[in-house]
Amino acid sequence: MKNLLLAIVVASLAILGFYAYQSSRKVAGFQTELAAREAALTTIEGEKAALAGQLETLKGQMDKLAADLEAKVSTSLDATAAVEAERAALADKVSALEAEMARAAEAAGAESKRLTETITALEADKAALSEQAAALQAKVDELTAAAANAATTTP
């Protein structure tokens with residue numbers, strides 16, 4: 001009878017150990033996926049920063065062009081018509097750049113929101129898996145304690 005009880009306890013512990021192993025493998029898979037998504041988010045943030053740098057460069061170029069334009073206007077009154085045409089072209093470029101910047105900001109915001117929602121969902125999954133792991137550990141501890149009690153109380 002004692003051997004049968006011991007065999008049942010050992011088999012139960014083996015089953016619980018296997019289940020805990022599988023759960024830990026799933027957690028490791030989720031952690032790997034989370035790390036990949038975090039890396040993708042970091043890459044997107046890097047691209048966003050690069051675009052912001054390019055935008056600043058373009059603004060600097062635009063400011064330089066505007067300064068050059070003003071210098072031409074002040075030094076050459078007979079070229080007023082040409083300067084006005086150049087100014088209109090610059091205004092169109094500024095409008096196009098602002099529209100492009102708005103589209104890029106909107107796309108970056110939408111992607112950031114999507115990634116944030118994904119990360120939140122993954123964190124919720126991680127929390128649920130942690131709770132499952134804790135519950136399994138509690139069961140293992142309970143079975144271990146029961147096995148220890150059974151071993152000490154059985155003559």
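Look up: the structure comes first, before these words.
The following paragraphs examine the structure supplied in this document. (Residues numbered from 1 in each chain as written. Predicted model: local features only at pLDDT ≥ 70, side-chain atom pairs only at ≥ 80, totals over all residues. Heavy atoms only, no water.)

## Things to note about the overall build of the protein chain
We count it as follows: To qualify as a helix, a DSSP run of H or I must reach at least 4 residues; to qualify as a strand, a run of E must reach at least 2; elements of each kind are numbered from the N terminus. C-alpha atoms define the radius of gyration in this analysis, and the globule rule sets the expected value at 2.2 Å times the number of residues to the power 0.38. Burial classes follow relative accessibility: with a 1.4 Å probe on protein chains only, a residue under 20% of its type's maximum area counts as buried, one over 50% as exposed, and anything between as partly exposed. The contact criterion used is simple: two residues touch if any of their non-hydrogen atoms lie within 4.5 Å. All tallies of charge rest on Lys and Arg as positive and Asp and Glu as negative; His and the ends of each chain are not included. By convention, charge coordinates are those of NZ in Lys, CZ in Arg, CG in Asp, or CD in Glu.
Regarding its fold elements, the protein chain presents two helices and zero strands. Whereas a compact globule of 155 residues would reach a radius of gyration of roughly 15 Å, the protein chain reaches 33 Å, over 25% beyond that. Dimensions of the protein chain, computed from the C-alpha atoms along their principal axes, are close to 115 × 20 × 15 Å. Taken over 155 residues, the protein chain has a buried fraction of 10%. Excluding contacts between residues fewer than 6 apart, the proportion of contacts in the protein chain whose partners are at least 24 apart in sequence is 78%. Each charge class in the protein chain was averaged separately, 15 positive and 22 negative side chains, and the resulting centres sit 8 Å apart.

## Let's talk about a nonpolar patch on the surface
To keep things clear, this is the line we draw: Only residues whose relative accessible area exceeds 30% and that form no salt bridge enter a patch; like-charged residues are grouped when within 9 Å of one another, and nonpolar side chains (Val, Leu, Ile, Met, Phe, Trp, Tyr) when within 5 Å. To be clear on the numbers: accessible area is Shrake-Rupley with a 1.4 Å probe, and residue cover counts the displayed protein chains and nothing else. In the sections that follow, a salt bridge refers to a side-chain nitrogen of Lys or Arg positioned within 4 Å of a carboxyl oxygen of Asp or Glu.
On the surface, Met1, Leu4 and Ile8 cluster together to form a nonpolar patch covering roughly 380 Å² of accessible area. Mapped onto the secondary structure, Leu4 falls in helix α1 (residues 2-75).

## So, empty space enclosed by the protein
The condition that has to hold: Cavities and pockets were defined on a 1 Å grid built from protein atoms only: a cavity is a group of points that admits a 1.4 Å probe but offers it no way out, a pocket is an open group of points flanked by protein on both sides within 12 Å along at least five of seven lines, and a lining residue is one with an atom within 4 Å of any such point. Grid points are joined across faces, edges and corners, and a volume is the space filled by probe spheres set on the points. Side-chain classes follow a simple rule in which Ala, Val, Leu, Ile, Met, Phe, Trp, Tyr, Cys and Pro form the nonpolar group, Asp, Glu, Lys and Arg form the charged group, and the remainder, Gly included, forms the polar group.
In the structure shown here, the tally under the stated rule is one cavity of 30 Å³ or more. For the largest cavity, the full set of lining residues is Val27, Phe30, Gln31, Leu34, Leu122, Lys126 and Leu129. Those elements that provide at least two residues to the lining of the largest cavity are α1 and α2 (80-153). Top element by residues in the lining of the largest cavity is α1. It accounts for four residues. Looking at the lining of the largest cavity, its residues break down into five nonpolar, one polar and one charged.

## A look at the side chain of Thr118
Formally: Pairs of N or O atoms within 3.5 Å make up the polar contacts considered here, provided that, within protein, one atom can donate a hydrogen while the other can accept it, and that residues adjacent in sequence are counted only when both atoms are side-chain atoms.
As for its placement among the helices and strands, Thr118 is situated in helix α2. Residue class for Thr118 comes out buried when judged on its relative accessible area of 16%. Of note is the side chain of Thr118, whose polar atom sits 2.9 Å from the backbone oxygen of Arg114.

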